[in-house]
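Remarks on the overall topology
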Amino acid sequence: LVTVVVFSIQVVVVAGGACRRSALVDFPLDDFPKIPRFVVKDIAWPCEEVVIIGVLLSTLGAGLQSLAGAPRLLAALGRDNL
């Protein structure tokens, strides 16, 4: 319950920190669709590089976790004859 409240407050605060029009990137081509910017990076404190490094480390951690967990899962499935 605490996690839901904390993340809900985070969504409201981040959404309130950026306006909709500035969250879209304009491209020189008219037929190219607009894509959303990385809004959290723009309102990061103390600098935006902290967010970029955090995203990269989180991605690396998830990849390493998959590499460590997948063999165990496959071995357990093999042991149970599934």
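Residues numbered from 1 in each chain as written. Predicted model: local features only at pLDDT ≥ 70, side-chain atom pairs only at ≥ 80, totals over all residues. Heavy atoms only, no water.

**Quick look at the overall build of the protein**
Our working definition: Put simply, DSSP H or I for four residues or longer makes a helix, DSSP E for two residues or longer makes a strand, and each gets a number counted from the N terminus. Three labels apply to residues, based on accessible area from a 1.4 Å probe with only protein chains included: buried if under 20% of the type maximum, exposed if over 50%, partly exposed otherwise in between. Accessible surface is estimated by sampling points in the Shrake-Rupley manner with a 1.4 Å probe; for residues, cover comes only from the protein chains shown.
The helix and strand tally for the protein stands at three helices and two strands. Listing the helices and strands of the protein from first to last along the sequence gives α-β-β-α-α. The proportion of buried residues among the 82 residues of the protein is 4%. Here the protein displays about 7,200 Å² of accessible surface, and carbon together with sulfur accounts for 69% of that area.

**Digging into a nonpolar patch on the surface**
What counts, and what does not: Residues enter patches when their relative accessible area tops 30% and they take part in no salt bridge; the joining distance is 9 Å for like charges and 5 Å for the nonpolar side chains Val, Leu, Ile, Met, Phe, Trp and Tyr. Between Lys or Arg on one side and Asp or Glu on the other, a salt bridge is scored when a side-chain nitrogen of the former is within 4 Å of a carboxyl oxygen of the latter.
A contiguous nonpolar surface patch, about 530 Å² in accessible area, is contributed by Ile53, Leu57, Leu60, Leu64 and Leu67. Locating Ile53 in the fold gives a position in helix 3 (residues 48-79).

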